[in-house]
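# Notes for the structure review
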Amino acid sequence: MHLIQRFKLDSIFLPLGAILVTCFFWYVIAGKSVITEKVDDFGDKIKVTKREGLSADLPTPVETWTASKLYITEPFAKRGELDQGILRFTWMSLVLVAQGYAIALIIGTPIGFFLGLSKKFTTAFDPIIQVLRPVSPLAWLPLGMILFSGVKIVNGDGRTTFGASDAAALFTIAICAMWPTVMNTAVGVRAVPQDYLNVAKVLKLSKWKTLWKVLVPATLPYMFTGFRLSLGIAWLVIVAVEMLTGMPGVGGFLWQQYNANSYAHIILCILTIGVVGYVLDRLMSAIESRFKTA
Amino acid sequence: MPLIEIKGASKGFGPPGNRTEVLKNINLSVEEGEFVVIVGYSGSGKSTLINMISGLVKPDTGTASISGEVITGPGPDRGLVFQNYSLLPWLNVEENIALAVDEVFKDWTPEQRKAHVAKYIAMVKLTPAAHKLPKELSGGMRQRVSVARTLAMQPKVLLMDEPLSALDALTRAQLQDEIADIWLNNKTTVIWITNDPDEAILVADKVIPLLPTSPATLGEPMIVDMERPRDRKAINHDARFKKLRTQLITTLLDAKGRTKVKASVKITLPDILPEDLNYVNSLQFLNRSGPKRRSDKNREEVEVAA
C-alpha cells in the first residue's frame, strides 16, 4: 500500500518538478521589460520600455500565458482569418493531416504488401524507395506545386475551394508519411510464419482468401506500428507545409505570429503541436495494442 | 489398390555441392482404413516424408500417389495435423474450424456448415470453449482443435506430424486415447509420425521404423495385432507389447549404431614462444615482427644440469 502510494505521488511530483525547473530556466534566459523614466528633448517626462536579458525577445512564462490566455480560454473563437482560437487552428491542421494521412495509408499499404510478397518487386523498387525516403518535406512541396499546378476546383461564387497549394500540401504529407507504413507492412508480410501459409496451402484457400484470412490479420500488428509512425511524421510535416503555403492552421498561425513579432504565440503553438502529437501517438498505440494477436 | 503409395522416392535439400540427402528409396503403401505409425529419431526426415504425402514437399525422384493419382500439391483430401497446431491466433475455435469447412464444403448451406463445425467441436469435447481464442486454450486443447479442424474436412487420409510431441506426458497419454477412440468410430486412414516407440505401438495397426541411416530409409513394417480399445495400464504387462517394443527399439538403435561416422582431424600444437614481458615497453619489443615461433628458431640452447 505504502509502495503504491509512493509510486503514484512520484509519478505526479517528479514530472511536475521537472516542469518547474524547465520553466525556471526559461524564465532566467527570457527577456524582461525594464521601464525607465526619461526626459525627452521637449522637457516632458516619458516612460521608455526596454527588453533586457540573455535572450531579450523571448517572452517569460508569465508573459506567454497572458498573451495566450485569450486563445486558450476561447479555443473555438473566430475573430478573423488568421486570428482564431487555438483549437480551431488545431482542428484545421488535423483535417489536413487526416486527408494526407489517409492517402498515405491507401497508397502505402498495398505497396508494402507487394514489397513483402514479391522478391522481384523488392529488388526492382528498393533503390527508388531508399532514395526517396530520406527526402525532406520542404523539398517535396515545390515539386507538388509543379505537379498539381493545374488543379483548381471552383465553387459557385467563383472562389477556389481546392487549389494547387492544397493539392501540393496533401501530396507532401502523403509522400512523407507513407514510408514507415510501406516498410513496416513489407517487413510484416515477410514475417508471416510459414505455418500459417502452410495452413492456407493445405486448406487450398484461394489467393484472395489467403490474403484476407491469413496475410492481412497476421501482418496487422506490423501495419499498425507503421501507421503510428506515419501519423507522427504526418503531424511533423504539417507545420512545414502550412508555413510554406500560408494555409491557416497551427503551423500557419505560428509563422504568421513570428512575422507579426508576437513571440508568445509561437511558444503557444509549439506547445500545442507537442501536446496534439503526443495525444495522437497515445491514441494510435492504444489502437495498436488492441490488434496485437497472440 | 493401396490408398497411399510412395514408390522409390528420395529427397535432398540444399544447393548442388552442399546438398544433404534426407530420404532415399522410400517405399510405402497404406491401405484404406489402416492406422500406420512411422517412428524415427528427431531430424531423421520424418516431417519431410509426411510432407511428401501432404504435397508441401515434392520428391526429387520417385512418386507419391493417392488412389493411384500422383500428388502434385496440397489438397483437402489429405488432412494434415501440424506439430505446432498452426491455429490462426486471430480466429476463435469455431472460426478456425469453419475456415476449413467453408472451403471444403462450398456447396452446403450456411446452416449445414455450422452444424458440421459444431459436431466436430463436440467430438473433441470443446463445445464450452467454442468461442475462445487459441491463446486462451492449453496446449492439449489447441491440438484437439487442430485435430477437429482436420477431421471436419473429412479427408481420405489423416496425416499427423508429431501431433503430441509438444505436450506434457499426461496430456499426451489422454490425447493418444482420445484420437485412438475417434479413429475407432471414424475408421479414417491415418498416417501418424512420432518419435515415441510406446506411443507408436499403443495406437497403431502397423508400425514402420524410419531408420536413421544417412539418407534415411524405411525399415520392415511390424504388425501390431492387439485388440482395441487398448488399455494403456494393462498393455504394459502384455507380452506382445513388450516383444514389439524391444524389437522396435533394437531396430532403431542398431541402425543408429551402424551410421556412426569416423573422422580424423590432425591436431597441431601451437608453437608460439612466450614473450619476455620485462621488455614490453622497449623499442625492440615494439619493432619485433610478430610472435616468435619455435619452428623459426635454428638453434635452441638447453641447459642441462650435470
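Residues numbered from 1 in each chain as written. Chains lettered and ligands numbered in written order. Predicted model: local features only at pLDDT ≥ 70, side-chain atom pairs only at ≥ 80, totals over all residues.

All right, on to helix α9 (residues 250-259) of chain A then. Residues of α9 of chain A that are buried include every one of Val-250, Gly-251, Gly-252, Phe-253, Leu-254 and Gln-257 of chain A, and no others. Lining the buried residues of α9 of chain A we find α3 (86-117), α8 (207-245) and α10 (263-290) of chain A. (Buried ≥ 20, exposed ≤ 12 C-beta atoms within 10 Å, placed from the backbone. Helix = DSSP H or I, 4+ residues; strand = E, 2+ residues; numbered from the N terminus. Contact = placed C-beta atoms within 7 Å.)

It is worth spelling out the interface of chain A and chain B at this point. Between chain A and chain B, the residue contacts involve 14 residues of the former and 17 residues of the latter. Among the secondary structure elements, those contributing two or more residues to the side of chain A that touches chain B are α7 (194-202) and α8 of chain A.

Next up on the list: the pairing of strand β2 (residues 20-30) of chain B. All names here are of chain B. Strand direction decides the pairing type here: strand β1 (residues 4-13) and β2, joined by seven bridges, are antiparallel. Residue pairing in the sheet places Ile-6 in a bridge with Leu-28 of β2. Between β1 and β2, which pair antiparallel in sequence order, lie six residues; one of them, Gly-14, sits at a positive phi of approximately 100 degrees. (Pairing = 2+ DSSP bridges.)

Attention now goes to the pairing of strand β6 (residues 78-81) of chain B. Remark: a regular strand shows side chains that alternate across the two faces of the sheet. Residue and element names in this part refer to chain B. Residues Arg-78 and Leu-80 line one face of β6 and the alternating positions Gly-79 and Val-81 line the opposite face, and both faces are buried. Pairing geometry for β6 and strand β7 (residues 157-161), over four bridges, is parallel. Residue pairing across strands places Gly-79 opposite Leu-158, the latter belonging to β7.

Take the packing of helix α6 (residues 164-190) of chain A against α8 of chain A next. Residues and elements named next belong to chain A. Contact pair α6 / α8: the axes reach a minimum separation of 7 Å and the direction vectors enclose 155 degrees. With respect to their mutual orientation, α6 and α8 come out roughly antiparallel. Viewed along their axes, α6 and α8 form a crossing whose handedness is right-handed. (Axes fitted to C-alpha atoms, helices over the stretch in contact; angles between N-to-C directions. Parallel < 35°, antiparallel > 145°, perpendicular 65-115°, else oblique. Left-handed = near helix turned anticlockwise from the far one by under 90°.)

All names here are of chain A. Every buried residue belonging to helix α5 (residues 137-147) is among Pro-137, Trp-140, Leu-141 and Gly-144, and all of these are buried. Take α5 and look down its axis: the buried residues cluster within an arc of 110 degrees, on one side only. Residues of α5 that are exposed and point over 90 degrees away from its buried face: Ala-139, Pro-142 and Ile-146. Buried residues belonging to α5 abut α6 and α8. (Arc of directions from axis to C-beta.)

Take the nonpolar core next. Within the largest apolar cluster, 130 residues are counted, with the highest numbers of intra-cluster contacts made by Ile-173 and Ala-234 of chain A together with Ile-97, Ile-191 and Val-207 of chain B. For Val-207 of chain B, the contacting residues outside a window of four places in its chain are Val-37, Val-39, Ala-200, Ile-201, Pro-221, Met-222, Val-224 and Leu-248 of chain B. (Core = buried A, V, L, I, M, F, W, Y, C linked by C-beta atoms within 7 Å.)

We now examine the packing of helix α3 (residues 110-123) of chain B against helix α4 (residues 139-152) of chain B. All names here are of chain B. Closest axis-to-axis distance for the α3/α4 pair is 9 Å, and the angle between their directions is 135 degrees. The angle between α3 and α4 places the two elements in the oblique class. Handedness of the crossing formed by α3 with α4: right-handed. Between α3 and α4, the residues in contact are His-116, Val-117, Tyr-120, Ile-121 and Met-123 and Ala-148, Leu-151 and Ala-152, respectively. Of the residues assigned to the contact of α3 with α4, the class counts are seven nonpolar, one polar and no charged. (Nonpolar A, V, L, I, M, F, W, Y, C, P; charged D, E, K, R; others polar.)

Before going further, it helps to spend a moment on the sheet that holds strand β4 (residues 61-66) of chain B. Residues and elements named next belong to chain B. What the four strands build is an open sheet, ordered β2-β1-β4-β5; its pairing is antiparallel. The open sheet has two edge strands, β2 and β5 (69-70), and neither has a second partner. Lying over the sheet, helix α1 (residues 46-54) contacts β1, β2 and β4, oriented at roughly 125 degrees with respect to β1.

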